[in-house]
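An overview of the molecular structure
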Number of protein chains: 2
Amino acid sequence: MDRIPIIKIGGALLVSVQIDLHDRLAVALEEDLADRIVATGARGVLIDISALEIVDSFMGRMLDTIAAVGRVLDAETVVVGMRPAVAITLVELGLSLTGVKTALNVERGMAMIATSTAEGVDEAAIDDSLDDV
Amino acid sequence: MDRIPIIKIGGALLVSVQIDLHDRLAVALEEDLADRIVATGARGVLIDISALEIVDSFMGRMLDTIAAVGRVLDAETVVVGMRPAVAITLVELGLSLTGVKTALNVERGMAMIATSTAEGVDEAAIDDSLDDV
């Protein structure tokens, strides 16, 4: 497989990672995600890693990078479906994913994105601040 | 990977197929899907095959089987994201997926499931038919 599919659901993009992301595949995913965020105006990216039984430091850094790219494009990244063993491994590796939000499953991740999007676009507050100018 | 992840989104289950389904993996997916339909009460199953560049007759039959199992469990199966070349191959193989609904992408597939679920549970019609008894 040359590319991991990105699925648009409402205002979010969903990526189901099922295989180890090697260099080329990881770079392709980052580029594709950035392109799709811009093309669709998505406000959130959900990365489902429930299929992964093991996560190494490369994968941990890649999740951080994707979240950082998403952030500058005004989209929030939520990693969902992490197995307990993977969580333990990440912490033992010293990768506590500080820049990445996590949720138990896709539905909770979507709710998280919906909530923070609603907070982010508090139009009344924008109007107030414009009145003050 | 020993299992393909099944993602619950609203009243539907989403499966993103990214690798060739060999015998064992296909059987595991069928069993997992049947279990999850019963456990969650899902009314629809979305199978995203946008990552597949090629589909053989085994995969075609498997999609038919999943749809048939879903149907007896009162869930509708929609195959989404089929590449044009895959559609051509399926027809040339004589597999026109007659038992399976298709949609261009996940969002349209979800809309399709929502529509047919609303039609299927037309409660007024049920009340009327009970009145006639």
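Presented here is an overview of the structure given in this document. It should be emphasised that the depicted structure is a prediction, and the values quoted were computed from it without experimental measurement.

1. Some points on the packing of helix H1 (residues 23–40) of chain A against helix H2 (residues 57–72) of chain A
Residues and elements named next belong to chain A. Where H1 meets H2, the closest approach of the two axes is 10 Å, and the angle between their N-to-C directions is 20°. In terms of axis orientation, H1 runs roughly parallel to H2. Regarding H1 and H2, the two cross each other, and that crossing is right-handed. Between H1 and H2, the residues in contact are Asp23, Ala26, Leu29, Glu30, Leu33, Ala34 and Ile37 and Phe58, Met62, Thr65, Ile66, Val69 and Gly70, respectively. In terms of residue class, the contact of H1 with H2 is made up of nine nonpolar, two polar and two charged.

2. Some words on the interface of chain A and chain B
Each partner contributes residues to the interface: chain A has 19 residues there, and chain B has 19 residues. Around 1600 Å² of area is buried between chain A and chain B when both sides are counted, 59% of it from carbon and sulfur atoms. Contact with chain B buries surface across chain A, with Ile7, Gln18 and Glu107 of chain A losing the most and accounting together for 34% of the total. The tally of links between chain A and chain B comes to two salt bridges. Between Lys8 of chain B and Glu107 of chain A there is a salt bridge, with its nearest N and O atoms 3.6 Å apart. Applying the counting criterion to the chain A and chain B interface returns four residue pairs in polar contact (both at pLDDT 80 or more).

3. Some thoughts on the sheet that holds strand E2 (residues 12–16) of chain A
Residue and element names in this part refer to chain A. Read across the open sheet, the five strands follow the order E1-E2-E3-E4-E5; overall the sheet is mixed. Edge positions in the open sheet fall to strand E1 (6–9) and strand E5 (101–103), since each of these has one partner strand only. Across the sheet, the mean angle separating the axes of adjacent strands is 30° when strand polarity is ignored. Looking at chain direction, strand E4 (residues 76–80) and E5 are connected through three bridges and run parallel. In the sheet register, Val78 faces E5, and the bridge partner there is Lys101.

4. Some remarks on the side chain of Asp48 of chain A
Residue position: Asp48 of chain A is located in strand E3 (residues 44–48). Although Asp48 of chain A is buried, it forms no salt bridge, and the closest oppositely charged side chain is Arg83 of chain A at an N-O distance of 8.8 Å. In this view, Asp48 of chain A contacts Leu14, Val15, Ser16, Val17, Val80, Gly81 and Val106 of chain A together with Pro5 and Ile7 of chain B; residues no more than four positions away in its chain are not counted.

5. As for the relation of the copies chain A and chain B
Overlaying chain A on chain B yields an RMSD of 0.0 Å, the required transformation being a rotation through 180° with an accompanying axial translation of 0.0 Å. On this basis, the relationship between the two copies can be described by a two-fold rotation axis. Closest approach to the rotation axis among the C-alpha atoms of chain A is made by Ser16 of chain A, whose C-alpha sits 3.5 Å away. Looking at chain A, 100% of its interface residues are interface residues in chain B too, so the copies touch through the same face.

6. Observations concerning a nonpolar patch on the surface
All names here are of chain A. Judged by side-chain polarity, Val38, Val72 and Leu73 come together as a nonpolar surface patch covering roughly 290 Å² of accessible area. Within the secondary structure, Leu73 sits in the loop between H2 and E4. Overall, the relative accessible area of 30% leaves Leu73 in the partly exposed class.

7. Concerning the sheet that holds strand E4 (residues 76–80) of chain B
The strands making up a sheet associate through backbone hydrogen bonding, with each pair oriented either parallel or antiparallel. All names here are of chain B. Taken together, five strands build an open sheet; the order of strands is E1-E2-E3-E4-E5 and the sheet is mixed. The sheet is open, and its two borders are formed by strand E1 (6–9) and strand E5 (101–103), each paired with just one other strand. In this sheet, neighbouring strand axes are inclined to one another by 30° on average, regardless of whether the strands run parallel or antiparallel. Taken together, the five bridges between strand E3 (residues 44–48) and E4 define a ladder with parallel strand orientation.

8. Quick notes on the environment of Pro5 of chain B
Topologically, Pro5 of chain B is positioned in the segment before E1. What makes Pro5 of chain B buried here is its relative accessible area of 9%. Spatially, the C-alpha atoms of Pro5 of chain B and Asp32 of chain B are 9.0 Å apart, while their sequence positions differ by 27 residues. In contact with Pro5 of chain B, other than residues within four places in its own chain, are Ser16, Gln18, Asp48, Ser50 and Ala51 of chain A together with Leu14 and Val15 of chain B.

How each quantity is defined
- Numbering of residues starts from 1 in each chain and follows the order in which that chain's sequence is written.
- Chain labels run from A onward and ligand labels from 1 onward, assigned in the order the entries are written.
- This being a predicted model, a pLDDT of at least 70 is required before a residue's local features are given, and a value of 80 or more before pairs of side-chain atoms are given or counted; all residues contribute to the totals for chains, interfaces and linings.
- Side-chain numbers here rest on the full set of heavy atoms in the structure, without hydrogens or water.
- Between N-to-C directions, angles cover 0 to 180 degrees, with each direction set by a line fitted to C-alpha atoms, over the stretch in contact for helices.
- Working definition: helices are DSSP H or I runs of at least four residues, strands are E runs of at least two. Numbering for both runs from the N terminus.
- With respect to orientation, any angle under 35 degrees is reported as roughly parallel, any angle over 145 as roughly antiparallel, any angle of 65 to 115 as roughly perpendicular, and every other angle as oblique.
- Each helix crossing is assigned a hand: it is left-handed if the near helix lies turned anticlockwise from the far helix by less than a right angle, otherwise right-handed if that turn is clockwise.
- Note on definitions: a residue-residue contact is assigned when non-hydrogen atoms from the two residues lie within 4.5 Å.
- All amino acids are sorted into three groups, where Ala, Val, Leu, Ile, Met, Phe, Trp, Tyr, Cys and Pro are nonpolar, Asp, Glu, Lys and Arg are charged, and the leftover types, Gly among them, are polar.
- Joining two parts hides part of their accessible area as seen by a 1.4 Å probe, and the buried area is that hidden amount summed over both.
- Take a side-chain nitrogen of Lys or Arg and a carboxyl oxygen of Asp or Glu: if they are within 4 Å of each other, that pair is a salt bridge.
- Two N or O atoms form a polar contact when they lie within 3.5 Å of each other; inside protein one atom must be a possible hydrogen donor and the other a possible acceptor, and for residues adjacent in sequence the pair counts only when both atoms belong to side chains.
- DSSP bridges decide pairing: two strands pair if at least two such bridges lie between them.
- Buried, partly exposed and exposed residues are distinguished by accessible area as a fraction of the type maximum, computed with a 1.4 Å probe on protein chains only: under 20%, between the cut-offs, and over 50%, respectively.
- Under this rule, positive means Lys or Arg and negative means Asp or Glu; His and the chain ends count for nothing.
- A residue counts toward the fit only if its pLDDT is at least 70 in both copies, and the copies are then superposed by least squares on the C-alpha atoms of those residues.
- A patch consists of residues whose relative accessible area exceeds 30% and which take part in no salt bridge; residues with like charges are grouped when within 9 Å of each other, and nonpolar side chains (Val, Leu, Ile, Met, Phe, Trp, Tyr) when within 5 Å.
- Method for areas: the Shrake-Rupley scheme with a 1.4 Å probe, in which residue coverage is limited to the protein chains shown.

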